[in-house]
Amino acid sequence: MIIKKSDLDPEAITQRLGIEPSATRAPGPDRWGPPGDTDGQWRLQCDERTTRIFSEQLDVILKAAEGCAQILAMLRSEGFEVTLVVRGYADNDSQLSIPAAGMARISRLGVPLTLRPSLSER
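Residues numbered from 1 in each chain as written. Predicted model: local features only at pLDDT ≥ 70, side-chain atom pairs only at ≥ 80, totals over all residues. Heavy atoms only, no water.

At their nearest, the axes of helix 1 (residues 10–17) and helix 3 (residues 69–77) sit 9 Å apart, and the two run at 140° to each other. Within the contact between the two elements, helix 1 uses Ile13, Arg16 and Leu17 and helix 3 uses Ile71, Leu72, Met74 and Leu75. Residues that form the contact of helix 1 with helix 3 fall into these classes: six nonpolar, no polar and one charged. (Axes fitted to C-alpha atoms, helices over the stretch in contact; angles between N-to-C directions. Helix = DSSP H or I, 4+ residues; strand = E, 2+ residues; numbered from the N terminus. Contact = heavy atoms within 4.5 Å. Nonpolar A, V, L, I, M, F, W, Y, C, P; charged D, E, K, R; others polar.)

As structure tokens, this is what we get:
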């Protein structure tokens, strides 16, 4: 889950949500991000260190988001961009299955789901 805004204060978001982020970035240029992206960011992430099973990673993030759904809605109403992002390597035969129950949970949150596969050769 990524929360972004041009004047985002990562510490203030952490206090409001009551969740420690996986990563944050203060507003300003980012040498690793896309050119022109200067928004501050607050991130809650899962990867293979949490579990290698995608459905379990999704569940971890959704449980956290559901626990603060009202605050996320308030942040969106205040102009913050809140997005659930799925990233990962994809080859020719890659598939990602999100069960209907998972999609329903995402839908109830009212948070956009973005898929960002890496299609580079490995």
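Bringing the packing of aromatic side chains into the picture now. Any aromatic ring pair is given by two values, namely how distant the centres are and how the planes are angled relative to each other. By the definition in use, this model includes zero aromatic pairs. One Lys or Arg, Lys5, reaches over the ring of Phe80 and ends 4.6 Å from the middle of that ring. (Phe/Tyr/Trp six-rings, centres within 6.5 Å; stacked < 30°, edge-to-face > 60°. Lys NZ or Arg CZ within 6 Å of the ring centre and 35° of its normal.)

One finds Met1, Ile3, Ile13, Leu17, Trp42 and Leu72 to be the most contacted residues of the largest nonpolar core, which totals 21 residues. Of all the elements in the fold, those that place two or more residues in this core are helix 1, helix 2 (54–67), helix 3, strand 4 (81–89) and helix 4 (100–109). Looking at this core, the element that brings in the most residues is helix 2, giving four residues. (Core = buried A, V, L, I, M, F, W, Y, C linked by side-chain atoms within 4.5 Å. Buried < 20%, exposed > 50% of the residue type's maximum accessible area, 1.4 Å probe, protein only.)

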